[in-house]
Amino acid sequence: MYSSTHPTNVLKFCPRCGSAHFPATSNRSFKCANCSFQYYVNASAAVAVLLFNENGELLFTRRAVEPHIGKLDLPGGFIDPMETGEQAAIREIQEELGIGIHSLKYFCSYPNEYVFSGYSVYTLDLAFLARTENLHQMIAMDDISSFEFYKPQTVDLEELPSISMKNIIKELIHREGTY
Ligand SMILES: [Zn+2]
């Protein structure tokens, strides 16, 4: 009923006491029969950053790592524990592209299923509009191989494997002129 990477098909042992009696109690929860430890599968928060150049083209990155190596993505990544979305966006852009950004403004959010090391991580991807004066100083680093600019209306959505990124682009097109 669920994919082979769904948590109920991957997690076999209690992470607290190591018991093998760790049954799923729903599609998103577990309870250890030995120590009563309860584990819930929640969405992991992540950020995507929307940076436009002076021609109204949006910045995309090309992935240097699996999943979807070689495909397009929006810059961003997972939010660290106890970090704000805005802090995560600033940190990820510094790590991936080596530049500072400012004037962050929340745009929209979309969910995604991100399969990593054989495990489905359910994410909520928060998109932020941002500004920078340093686009010409960008360097592709970390988990990206290059960066490219496309108008949201003309980017090939087949090159963008993430369903949440596709939905963010569609919303940019739908709300054009209002942000
Ligand atoms: Zn246990």
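Since the model is a prediction, treat every value here as computed from it, not as a measurement. (Residues numbered from 1 in each chain as written. Predicted model: local features only at pLDDT ≥ 70, side-chain atom pairs only at ≥ 80, totals over all residues. Heavy atoms only, no water.)

**Student:** Got a minute to help me understand the overall build of the protein in this structure?
**Tutor:** Counting secondary structure elements, the protein contains 3 helices and 10 strands. Counted from the first residue to the last, the protein has its helices and strands arranged as α-β-β-β-β-β-β-β-α-β-β-β-α. Judged by the C-alpha coordinates and their principal axes, the protein covers about 60 × 30 × 30 Å. For the protein, the proportion of contacts with a sequence separation of at least 24, taken over those separated by at least 6, is 58%. Of the accessible surface of the protein, which amounts to about 9,800 Å², a share of 53% is contributed by carbon and sulfur atoms. Averaged over its 14 positive side-chain charges, the protein has a centre that lies 9 Å from the centre of its 21 negative ones. (Helix = DSSP H or I, 4+ residues; strand = E, 2+ residues; numbered from the N terminus. Contact = heavy atoms within 4.5 Å. Areas by Shrake-Rupley, 256 points an atom, 1.4 Å probe, with all protein chains shown as cover. Lys, Arg positive; Asp, Glu negative; His and termini not counted. Charge placed at Lys NZ, Arg CZ, Asp CG, Glu CD.)

**Student:** For this particular structure, what's the right way to read the pattern of salt bridges?
**Tutor:** Per the stated rule, a full pass over the model turns up 9 salt bridges. For Lys71, the salt bridge goes to Glu159, with nearest N and O atoms at 3.7 Å. Linking Lys71 in the loop between β5 (58-63) and β6 (72-73) with Glu159 in the loop between β10 (144-150) and α3 (163-174), this pair joins segments that are 88 residues apart in sequence. Note that Glu83 and Arg91 form a salt bridge whose closest N and O atoms lie 2.7 Å from each other. In terms of burial, Glu83 and Arg91 fall into one category: buried. (Salt bridge = Lys/Arg side-chain N within 4 Å of Asp/Glu carboxyl O. Buried < 20%, exposed > 50% of the residue type's maximum accessible area, 1.4 Å probe, protein only.)

**Student:** Quick question: what am I supposed to make of the sheet that holds strand β4 (residues 44-50) here?
**Tutor:** Through backbone hydrogen bonds, the strands of a sheet pair up, either in parallel or in antiparallel fashion. On the basis of which strands lie adjacent, the open sheet formed by 4 strands has the order β7-β4-β9-β8 and mixed pairing. One side of each edge strand has no neighbouring strand; the edge strands of this open sheet are β7 (76-78) and β8 (102-116). Within the sheet, the average angular offset between the axes of one strand and its neighbour, ignoring direction, is 20°. Looking at chain direction, β4 and β7 are connected through 3 bridges and run antiparallel. What sits directly across from Ala48, in β7, is Gly76. (Pairing = 2+ DSSP bridges. Axes fitted to C-alpha atoms, helices over the stretch in contact; angles between N-to-C directions.)

**Student:** Quick question: what am I supposed to make of the domain arrangement of the protein here?
**Tutor:** Bring the parts together and some accessible area is lost; that lost area is often taken as the interface size. If you check the domain split of the protein, you get domain 1 (7-40) and domain 2 (44-174). Computed over C-alpha atoms, the centres of domain 1 and domain 2 are 33 Å apart. Tallying the contact residues gives 4 residues for domain 1 and 4 residues for domain 2. When domain 1 packs against domain 2, the two sides together hide about 280 Å² of surface, and 69% of this comes from carbon and sulfur. For domain 1, the biggest contributors to the area lost against domain 2 are Pro7, Val10 and Leu11; these three give 91% of the whole. Our count for the domain 1 to domain 2 interface comes out at 0 salt bridges. (Domains from an automatic or database assignment. Buried area = accessible area lost by both parts, 1.4 Å probe.)

**Student:** Is there a simple way to think about the coordination of the zinc ion in this case?
**Tutor:** By definition of the ideal shapes, a tetrahedral metal site with four donors has angles of 109.5 degrees and an octahedral site with six donors has angles of 90 or 180 degrees. Summarising the metal site, the zinc ion is bound by the protein donors Cys14 (SG), Cys17 (SG), Cys32 (SG) and Cys35 (SG), whose distances to it range over 2.3 to 2.4 Å. Relative to the metal, the 4 donor atoms surrounding the zinc ion lie at angles of 105 to 113°, and the coordination shape comes out tetrahedral. With relative accessibility at 4%, the residue Cys14 sits in the buried group. (Donors = N, O, S within 2.8 Å, 3.2 Å for Na, K, Ca; no water. Tetrahedral: all angles 85-135°; square planar, octahedral: opposite > 155°, others 65-115°.)

**Student:** Is there a simple way to think about unusual backbone geometry in this case?
**Tutor:** If a residue is not glycine, its phi is most likely negative; likewise, a peptide bond is most likely trans. A cis amide bond links Glu66 with the next residue in sequence, Pro67, at an omega value of -5°. Checked against the element boundaries, Pro67 lands in the loop between β5 and β6. Positive phi, close to 70°, is recorded for Met82, a residue that is not glycine. For Asp142, which is not glycine, the phi dihedral falls at a positive 60°. Within the secondary structure layout, Asp142 lies in the loop between β9 (119-131) and β10.

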